[in-house]
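# Structural description and commentary
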Amino acid sequence: MKKLINDPLKVVDEMIEGLVLGDERLARIEGENVVLRADYAEHAAAGKVALISGGGAGHEPAHAGYVGAGMLTAAVVGEVFTSPSVDAVLAAIRAVAGPAGVLLIVKNYTGDRLNFGLAAELARAAGIAVEVVVVADDVALDDDHAVGRRGIAGTVLVHKVAGAAAEAGLSLAGVRDEAQAAIDAVVSMGLGLGSCTVPAAGKPGFELGETEVEYGLGIHGERGAQRGPIARADEMLDRLIERLLSRGAIGGGDRVALLVNNLGGTAVQELDIVARHALTRLADLGVEVSAALVGTYLTALEMPGCSLSLLKLDEHRLGRLLAPAAAAAWHAPLRPTTRPSIVTVAPTEKAADAAGPAWPDTAQAGRFTASLRAVAAALETAEPELTALDSVVGDGDIGLSLARGARAIDDALRTLDVAHPAGALLALAGTLRRVLGGTSGPLYAVFIVRAATTLAEAGKVDAPLAWAAAFRAGCEAVQALGGGKAGDRTMLDALLPAADAIDAAVARGDETRAVVHAAIAAAEQGVEATRTMRPRLGRSAYLGDRTQGHADPGAHAVAVWLKAVGSAF
């Protein structure tokens, strides 16, 4: 187990201490894991209903992250995935209760219902007005399940609606009714890609295979509705959306708020992919998404996966969601659109159109085309190998980048003016510049642009000397732009030996086939030499000696496409 903790038994206490230290608007009750608004007394004196929620830790930023003006007055935090004690809940009630009373917002788990429920009874016996609502938004399991629906991420939306009602000065009954109406209108369901590790346990809570996903799992790793094979994101999300619409009785013409929630270990880019499909799918079905929230709201520690929540809206409830709130973890909903706004930018400069001389023989144009097609096929085939190599010594993106470039080359062949090689290469450089990205994009683009412009100035494009000069010029452009040199463990350690071999072969008067194969042999020797080089540029430079024994992926890629060119001869 690798976690940034000191003592598994003190995780919650130290977490709360850090939370309160980091935000002067918060306080805690001495001896209890209860987080309060620092101005709780003023809130009570103003005659406003106090809101308390909570549960086991491990769901951060819930629930303490939602303590603040316009949301919760206090959050009671138990040990990880463990309901807080009755005494802790009671202490919170006593601290924040004012004349307007207290509303407890509880998730539908047995421990939470028992502990919060008993605390409410004890508080009432002491003369404090307390009401309780229970959130049961998880529709993954059938309605006849023994303990009923669980409370998951939709709870956060209930916090916001109730918090805005309390801030508006409604009575305890009024706040309770709005909270209950939101509970009745919200449905949620989760999708898990893996497990999580409770600090005190030190090992994952359950096993999920590399190719398996869990549909509808709970926020403590409880079983879901079904375990199935992993599929495209859109396909998996459709299962969630269909269930939500069915169980929530949501259809065309309805208005909803959409919450895309990170279960803890999901990348932001994946959440946006989820939001993209959910928004598009709901729009296609005629469901109007009037508010969208995408982010980390209620987690299961570091569990990879997400949950979707849909809250039915009218103008009043939408107003509650959009009302101001000052809780640290709350981010105001965004107003989505049914189609992305696209801006077209006019080019600021005319692209170079120096076509240069044409091939004197149409057969040469055919061989040129065959070479480009072979390069594209070789780079796409080499993607797994390049990715694996770059994952060891870099950031793992070169294989996918060059495969993307390979597909772009294939697509471009339909429109390239292959009769004029310099012009075709210039057009290809523009395509690669747009699609490659990373460091490969500008380096390959400048290599091809300089080579193409040099070739365009040649008297005869079928002369080996012209291509030798173009290749050398391309290498010099890469050196000038990237600042590299031989021995830096980069693509130049294959390009420069190849350029030297080409120059020597052309000077000897070798035929074209021999020139190309001399370049291939020199590039492959250069690739092998990189295994013992210490990197000086790029991300590999941060790895130092850990790159030893591994070939540089950029240099290896050069050898791949040079061999492909050779196959055309």
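A brief look at the structure comes next. (Residues numbered from 1 in each chain as written. Predicted model: local features only at pLDDT ≥ 70, side-chain atom pairs only at ≥ 80, totals over all residues. Heavy atoms only, no water.)

With that settled, the discussion passes to the pattern of salt bridges. Under the counting rule described, the total for this entry stands at 28 salt bridges. For the salt bridge of glutamate 167 with arginine 37, the shortest nitrogen-to-oxygen distance reads 4.0 Å. Linking glutamate 167 in helix H5 (residues 154-167) with arginine 37 in strand S2 (residues 34-37), this pair joins segments that are 130 residues apart in sequence. In this structure glutamate 167 comes out as partly exposed when scored by relative accessible area, which is 31%. Across the pair aspartate 238 and arginine 281 runs a salt bridge, and its minimum N-O distance is 3.6 Å. You can see aspartate 238 sitting in helix H7 (residues 233-247) and its partner arginine 281 sitting in helix H8 (residues 268-284), a full 43 residues away along the chain. (Salt bridge = Lys/Arg side-chain N within 4 Å of Asp/Glu carboxyl O. Helix = DSSP H or I, 4+ residues; strand = E, 2+ residues; numbered from the N terminus. Buried < 20%, exposed > 50% of the residue type's maximum accessible area, 1.4 Å probe, protein only.)

Now for the packing of helix H14 (residues 440-456) against helix H15 (residues 464-482). Running from amino to carboxyl end, H14 crosses H15 at an angle of 140 degrees, the nearest separation of the two axes being 7 Å. In the crossing of H14 with H15, the sense of the turn from one axis to the other is right-handed. For the pair formed by H14 and H15, the contact residues are Pro442, Leu443, Val446, Phe447, Arg450, Ala451, Thr454 and Leu455 on the first element and Ala466, Trp467, Ala469, Ala470, Phe471, Ala473, Gly474, Cys475, Ala477, Val478, Leu481 and Gly482 on the second. Here the contact of H14 with H15 is built from residues that sort into 16 nonpolar, three polar and one charged. (Axes fitted to C-alpha atoms, helices over the stretch in contact; angles between N-to-C directions. Left-handed = near helix turned anticlockwise from the far one by under 90°. Contact = heavy atoms within 4.5 Å. Nonpolar A, V, L, I, M, F, W, Y, C, P; charged D, E, K, R; others polar.)

You can see alanine 332 is positioned in the loop between helix H9 (315-322) and helix H10 (362-381). It is 44 Å that separates the C-alpha atoms of alanine 332 and alanine 429, two residues lying 97 residues apart in sequence.

Its location among the elements puts asparagine 108 in the loop between strand S5 (102-107) and helix H4 (110-125). Within the local environment of asparagine 108, its side chain forms a polar contact with the side chain of arginine 113, the two groups lying 3.0 Å apart. A polar contact is formed between the side chain of asparagine 108 and the backbone oxygen of arginine 149, at a distance of 2.5 Å. (Polar contact = N/O pair within 3.5 Å; in protein donor to acceptor, adjacent residues only side chain to side chain.)

One open sheet accounts for six strands, arranged S9-S8-S7-S12-S10-S11; its pairing is mixed. Unpaired on one side and paired on the other, strand S9 (226-229) and strand S11 (288-295) mark the two borders of the sheet. Sheet twist, expressed as the average angle between the axes of neighbouring strands with direction ignored, equals 20 degrees. Where strand S7 (residues 186-192) and strand S12 (residues 305-312) come together, seven bridges link them in antiparallel fashion. The residue of S12 that forms the bridge with serine 188 is serine 309. Sheet contacts for H8: strand S10 (255-262), S11 and S12; angle to S10, the most-contacted strand, approximately 160 degrees. (Pairing = 2+ DSSP bridges.)

On to the sheet that holds S5. Within the open sheet, the six strands sit side by side as S1-S2-S4-S3-S5-S6. Their pairing is mixed. Only two strands of the sheet have a single neighbouring strand rather than two, namely strand S1 (26-28) and strand S6 (130-135). Averaged over all pairs of adjacent strands, the angle between strand axes in this sheet comes to 25 degrees, irrespective of strand direction. As defined by bridge partners, strand S3 (residues 50-57) adjoins strand S4 (residues 74-80) across six bridges and the pair is classed as parallel. When the bridges of S4 are listed, alanine 57 appears paired with valine 80. Its contacts with the sheet place helix H1 (residues 11-21) against S1, S2, S3 and S4, and it is angled at close to 145 degrees to S1.

From the geometry alone we can't say anything about function, so treat these as descriptive.
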